[in-house]
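Breakdown of the fold
Next come the chains, spelled out residue by residue.
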Amino acid sequence: MANQQDITLTQTPLYQSSAALKARFTSFGGWEMPVQFAGISREHEAVRNTAGMFDISHMGKFTLQGQHLIDKLQPLVPSDLNRLEPGQAQYTVLLNPQGGIIDDIIIYYQGEDTTGKQQATIVVNASTTAKDKAWLLQQLDPNQVDFQDLSPEKVLIALQGPKAVQYLQPLLQEDLAPIKAFGHLSAQILGKPAFIARTGYTGEDGFEVMLDADVGVELWQKLHQAGVTPCGLGARDTLRLEAAMALYGQDIDDTTTPLEAGLSWLVHLDTKGDFIGREVLAQQKADGVQKRLIGLQMLGRNIGRHGYPVLSGGEVVGEISSGTLSPTLGYPIALAYLPTQLAKVGKQLEIQIRGKTYPAVVVKRPFYRSKNRVSS
């Protein structure tokens, strides 16, 4: 008999396509998602060297429209959205009054329509879609902003890797080459409307494509027939961790601030006005943070994983938020929050694994940097 959790899991429009390719599935954020197809290492290697594709249709997808929309979004994030030109995007965070991260999101600014209303698309994490939607609707006046939730009806495919352009370009008329990192455009794929963004969560060049469900299924099949490797959440996790990209709910949450999480580059205190959590962040910047998210390299083959204690001088000083064996580098890596005085590159620490301690050292992030990334 299936348990209640299995019964209530949601499937994306690409579920049957993934099942046909013998995917192994797992529960993630209330969705039944492929964790791997041919194997995590093989899928990881495909993204690093050629191209891989991910079903990320479980992520939240909102469109917003209204007069002076950017001005209305400014108080909700610490990043200065006035910097955005049409066709550009900003990775940023929604903050609570304590400066904690409600979610990390991408805001794609699409410019003004013929009536002068500004338009934007916001993509959020799957596990926080309902929370983010409620927060945005609470903060925005429905009489001034038209909010549409496209999450259930749109497919989102991430095509990632150094050969992503080579595989995607034949399927549309628009030229992909001029699109810079975090650029985006509306296009026609397989003769149907699509939204294409040069963004991703792997540390490689690539695109995220949003389109109607039936066309999404066709695109998935076309890319597979062309030789693109289907990838699951397992490879997505090892890829993003090598690139030191935070996972919401593990590396960042509503108790961590962007300054603590190493995301100070998206906090623009000097160029924008008031926003939710500003006072906390301004105070942290003035005083210095008490803890910091750092990179760790294990000095051996033992893998430090989520929740494992980090020790210094025999005392527990933190815990690992994410950890894995890096397929690209060949050794175990991890992220962890440490007191600021210990968060120095070269600092020797220990990781407790099943009652024993193993050596590790603080290293620079990211652990891996692609030579194939385009500029922003």
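Conventions and cut-offs
- Residues numbered from 1 in each chain as written.
- Predicted model: local features only at pLDDT ≥ 70, side-chain atom pairs only at ≥ 80, totals over all residues.
- Heavy atoms only, no water.
- UniProt positions renumbered as here; feature names shortened; annotations may be inferred.
- Helix = DSSP H or I, 4+ residues; strand = E, 2+ residues; numbered from the N terminus.
- Buried < 20%, exposed > 50% of the residue type's maximum accessible area, 1.4 Å probe, protein only.
- Contact = heavy atoms within 4.5 Å.
- Areas by Shrake-Rupley, 256 points an atom, 1.4 Å probe, with all protein chains shown as cover.
- Lys, Arg positive; Asp, Glu negative; His and termini not counted.
- Charge placed at Lys NZ, Arg CZ, Asp CG, Glu CD.
- Pairing = 2+ DSSP bridges.
- Axes fitted to C-alpha atoms, helices over the stretch in contact; angles between N-to-C directions.
- Polar contact = N/O pair within 3.5 Å; in protein donor to acceptor, adjacent residues only side chain to side chain.

Under an unreviewed UniProt entry, the name given to the protein chain is Aminomethyltransferase, and the organism recorded is Nodularia harveyana UHCC-0300. In its Function (unreviewed entry) section, the UniProt entry covering the protein chain states "The glycine cleavage system catalyzes the degradation of glycine."

Describing the overall build of the protein chain
Counting its secondary structure elements, the protein chain contains 9 helices and 19 strands. With respect to the principal axes defined by its C-alpha atoms, the protein chain has extents near 65 × 50 × 50 Å. Taking all 376 residues of the protein chain together, 53% fall into the buried category. Nonlocal contacts in the protein chain, meaning residues at least 24 apart in sequence, comprise 65% of its contacts between residues at least 6 apart. In the form shown here, the protein chain has an accessible surface area of approximately 16,700 Å², with 48% of it arising from carbon and sulfur atoms. Across the protein chain, 34 positive and 38 negative side-chain charges occur, with their mean positions spaced 8 Å apart.

Considering the sheet that holds strand 4 (residues 60-66)
Within the open sheet, the 5 strands sit side by side as 5-6-7-4-8. Their pairing is antiparallel. The strands lining the two open edges of the sheet, one partner per strand, are strand 5 (88-95) and strand 8 (146-149). Going from strand to strand, the sheet's axes swing by 25 degrees on average, the running direction of each strand aside. Strand direction decides the pairing type here: strand 5 and strand 6 (residues 101-112), joined by 8 bridges, are antiparallel. Paired with L95 across the strands is I101, a residue of strand 6.

Quick word on the UniProt feature "domain: GCVT N-terminal" (unreviewed entry) in the protein chain
Under the UniProt annotation, "domain: GCVT N-terminal" (unreviewed entry) lies at residues 14-270. Helix makes up 24% of residues 14-270 and strand 32%, and the two end C-alpha atoms of the span are 44 Å apart.

Details of the side chain of T256
Among the structural elements, T256 can be located in the loop between helix 8 (233-242) and helix 9 (278-287). Its relative accessible area of 4% is what places T256 among the buried residues. For T256, the side chain forms a polar contact with the main-chain nitrogen of D253, separated by 2.9 Å. Other than its neighbours up to four places away in sequence, T256 contacts G99, G100, I101, K291 and Y337.

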